[in-house]
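What follows is each chain in one-letter form.
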Amino acid sequence: DQGKYMSPQGAPLAPFFTPKVIQAYCTSSPIDTLIVTEGEFKAIKGDRHGLYVIGLPGIQGFYGDLPGHIHYGIANVIRRCKVKEGIYLTDADTLTVNWKKDKDLSIRPGNFHSAVMNFRESLEFLLTDKDEALERIQFYSISRRFDKEEAKGLDDLMVKYPAKIPDIIKDLTQTHGN
């Protein structure tokens, strides 16, 4: 099985910071909503439509060098840009479980549950420190309301439904409360 994203052998896996996120970081510009999602293509597509997105090399790709700690680059963006809301966005197939005889059906949902919980816990120190800006962390998965099969990720959704991009952006960036 060949993956979409190929890194050179031995290269460390690291989050992908989009141009919009890098620019905000370099100018210390505030970011209301920062989206963290699996995949560089998804991040680039969101960036091109005005979203602040960081792409991950996998569902647990938000970790840094220390086990259980958020990648220092993500933490630095949150701090410097005074991010108010962090969204962990997964694909539309997050809750999909394909039955196969003798297959442990708990593994896939368990992996996603673990990723969401670990993401939240790795950011806990930024939520509890009164000097930090992060106010809330949300978990979203792409909805199948537009498409039942093909639009799996943020990039797919925006490519397949360009007229719906303003609605997609609004859904992701509106204030969601605590």
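What you see is a predicted model, and the numbers here were worked out from it, not measured in a lab.

Rules and cut-offs
Residues numbered from 1 in each chain as written. Predicted model: local features only at pLDDT ≥ 70, side-chain atom pairs only at ≥ 80, totals over all residues. Heavy atoms only, no water. Helix = DSSP H or I, 4+ residues; strand = E, 2+ residues; numbered from the N terminus. Contact = heavy atoms within 4.5 Å. Areas by Shrake-Rupley, 256 points an atom, 1.4 Å probe, with all protein chains shown as cover. Core = buried A, V, L, I, M, F, W, Y, C linked by side-chain atoms within 4.5 Å. Buried < 20%, exposed > 50% of the residue type's maximum accessible area, 1.4 Å probe, protein only. Patch = residues over 30% accessible without salt bridge, like charges linked within 9 Å, V, L, I, M, F, W, Y side chains within 5 Å. Salt bridge = Lys/Arg side-chain N within 4 Å of Asp/Glu carboxyl O. Phe/Tyr/Trp six-rings, centres within 6.5 Å; stacked < 30°, edge-to-face > 60°. Lys NZ or Arg CZ within 6 Å of the ring centre and 35° of its normal. Pairing = 2+ DSSP bridges. Axes fitted to C-alpha atoms, helices over the stretch in contact; angles between N-to-C directions. pLDDT = per-residue confidence, 0-100.

1. Digging into the overall build of the protein chain
- When helices and strands are counted, the protein chain shows seven helices and five strands.
- Helices (α) and strands (β) of the protein chain occur, in sequence order from the N terminus, as β-α-β-α-β-α-β-α-α-β-α-α.
- Relative to all contacts within the protein chain whose residues are 6 or more apart in sequence, the contacts with residues 24 or more apart total 68%.
- With the model as given, the accessible surface of the protein chain reaches about 10,500 Å², and the carbon-plus-sulfur share is 52%.

2. Section: the nonpolar core
- Residues L34, I78, Y88, F119 and L123 are the most contacted members of the largest nonpolar core, which totals 25 residues.
- Of all elements in the fold, only α1 (19–27), β2 (33–38), β3 (52–56), α3 (72–80) and α4 (107–122) reach the threshold of two or more residues within this core.
- Setting aside chain neighbours within four positions, we find Y88 in contact with V36, L56, I59, F62, A115, V116, F119, Q138, F139 and Y140.
- A43, V53, I87 and L157 belong to the second largest nonpolar core, which has 16 residues in total.

3. Section: a nonpolar patch on the surface
- The grouping of V97, W99 and L105 at the surface amounts to a nonpolar patch, some 320 Å² of accessible area in total.
- Tracing the backbone through its elements, the reader meets L105 in the loop between β4 (85–90) and α4.
- With a relative accessible area of 33%, L105 lands in the partly exposed category.

4. Structural notes on the packing of aromatic side chains
- Summed over the entire model, instances satisfying the criterion amount to two aromatic pairs.
- Pairing Y88 with F119 gives two aromatic rings, centres 4.9 Å apart and planes at 25°, and the pair type is stacked. Separated by 31 residues along the polypeptide, Y88 in strand β4 and F119 in helix α4 bring together distant segments of the chain. Residues Y88 and F119 agree in their burial class; the two are buried.
- These aromatic residues form a ring-pair network of at least three members: Y88, F119 and F139.
- The ring of Y25 has R80 sitting right over it, with the charged end atom 4.0 Å from the ring centre.

5. A closer look at the sheet that holds β3
- The mixed open sheet is built from five strands, whose spatial order is β1-β3-β2-β4-β5. In this open sheet, the two edge strands, each paired with only one partner strand, are β1 (16–17) and β5 (136–141).
- Of the strand pairs in this sheet, β4 and β5 are connected by six bridges, and their pairing is parallel. The residue bridging Y88 from the neighbouring strand is F139, located in β5.
- Contacts from helix α2 (residues 40–48) reach β1, β2 and β3 within the one sheet, and its direction differs from that of β3 by about 170°.

6. Here's the deal with the confidence of the model for the protein chain
- Averaged over every residue, the pLDDT of the protein chain is 83; residues scoring 70 or more account for 83%.
- Confidence, expressed as mean pLDDT per element, reaches its minimum in the protein chain at helix α5 (residues 124–128) with 76 and its maximum at α1 with 98.

7. With respect to the pattern of salt bridges
- Under the counting rule described, the total for this entry stands at five salt bridges.
- In this structure, K42 and D91 form a salt bridge, with 3.2 Å as the shortest nitrogen-oxygen distance. Placement of the pair is K42 in helix α2 and D91 in the loop between β4 and α4, with a sequence separation of 49 residues.
- Among the residues examined, D91 registers a relative accessible area of 9% and is labelled buried.
- Close ionic contact of R136 with E135 constitutes a salt bridge, the shortest N to O distance being 3.5 Å.
- A residue is classified by how much of its surface remains accessible, and R136, at 12% relative accessible area, is buried.
- The structure contains a network of salt bridges with shared partners spanning E85, E135 and R136.

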